[in-house]
Amino acid sequence: MKLSVSYCGVLIRSSSVGVEEFSQSGLKMAAQKFAAVVVPLWTVTASVVFCIAALTGFNGNLTNPGNSVTLVCQSDDPSVVVQFFRKGVDLASDKTGKYSIGNINENVNKTLTVHKVGEQDLGEYLCQTAATPKPVSVTLYSKPVVSPISTPSNLIEGETLELTCVAWGLPTPRCTWLKEGRVLSASDPGVSFSDMKTPLNASVANARLTVVGMKRSDQTDYTCSAAGDTGPTNVTAYVRVKDRLAAVWPAIGIVIVIILTIVIIIFAERRRRQNEAKLHPQ
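Model, not experiment: these values are computed from the prediction.

(A) Structural detail: the nonpolar core. Counting residues in each nonpolar core, the largest one holds 23 residues, and the members touching the most others are Leu161, Leu163, Cys175, Trp177, Leu209, Met214 and Tyr222. Here this core gets 4 residues from one element, more than from any other, and that element is strand E17 (residues 203-211). For leucine 163, the residues in contact, after removing those within four places along its chain, are Ile149, Ser150, Thr151, Pro152, Trp177, Ala207, Arg208, Leu209, Tyr222 and Val239. Val80, Val117, Val145 and Trp168 belong to the second-largest nonpolar core, a separate cluster that totals 18 residues.

Okay, here's the thing in structure tokens:
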């Protein structure tokens, strides 16, 4: 019995392209040409099959959280006992429902399905048998996932704008900010950036944008482009900037109404007195 660690086929089940098979030789050539083989998961309806191999960069590209991924440990012996490990833990002991272990191809190939993939599920997975003292690894990568940008609702001219780009992925993305499609720089007046931590404590560079002294002309689209080795993910938000006097306009309106009311009362009282004088001349 031996564990296949050289190369293997990939099967993609997709609602947009049907069923497509990549041959062993074709995958091997692709692996030799590129450092990583990227399979888009946003077209996946059932699963994407990865073969655990000696290709340490063999990975999947995840665009939306919540997809499931199936990893395949390929063997030529249906009786072999295969173990899957994640961070030193035998996943067969998992009781959370996050992982499912099964078989395909007449029990020759053992599968590990990771359900509802999120940031905490990215990284290295190991496959090992009694006949393979050294485990074989596969790394699950992710295209950056970015949440919608929350914008201030009452930003007034002269105030400071702070926008946060909540992003995660593997490799950890780096953020670039754009204003109306133009890349912002720390050398721009009033502009600065700061890093942020993901829930798993990964540091995302330039995730927070700060602009001091906003002007009415700064009311426009702001885009966060979170980029990793698998490409960027962009999220855009429109920022409104109110006039400096916007806060006092309601008070001015109230004062005007009061003044008009007083004028009307005075005018009405004067007319009343004039009419009384006509009816009761002295």
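(B) Focus on the sheet that holds strand E5 (residues 82-86). Spatially, E6-E5-E9-E10 is the arrangement adopted by the 4 strands of the open sheet, whose pairing is antiparallel. What marks the edges here is a single partner per strand, and that holds for strand E6 (89-90) and strand E10 (136-140). In terms of strand pairing, E5 meets strand E9 (residues 123-129) through 4 bridges, oriented antiparallel. Bridge pairing in E9 links glutamine 83 to glutamine 128.

(C) Structural detail: the pattern of salt bridges. On inspection of all chains with the given rule, the structure shows 6 salt bridges. The salt bridge partner of aspartate 188 is arginine 182, with a shortest N-O separation of 3.6 Å. Judged by relative accessible area, which is 17%, aspartate 188 ranks as buried. Two residues, aspartate 243 and arginine 216, come together in a salt bridge whose shortest N-O distance is 3.8 Å. Of this pair, aspartate 243 sits in the loop between strand E19 (231-239) and helix H2 (249-279) while arginine 216 sits in the loop between E17 and strand E18 (220-228), and the two are 27 residues apart along the sequence. With a relative accessible area of 30%, aspartate 243 lands in the partly exposed category. A cluster of three or more residues bridged by salt bridges with shared partners is formed by Glu269, Arg272 and Arg273.

What counts, and where the lines are drawn
Residues numbered from 1 in each chain as written. Predicted model: local features only at pLDDT ≥ 70, side-chain atom pairs only at ≥ 80, totals over all residues. Heavy atoms only, no water. Core = buried A, V, L, I, M, F, W, Y, C linked by side-chain atoms within 4.5 Å. Buried < 20%, exposed > 50% of the residue type's maximum accessible area, 1.4 Å probe, protein only. Helix = DSSP H or I, 4+ residues; strand = E, 2+ residues; numbered from the N terminus. Contact = heavy atoms within 4.5 Å. Pairing = 2+ DSSP bridges. Salt bridge = Lys/Arg side-chain N within 4 Å of Asp/Glu carboxyl O.

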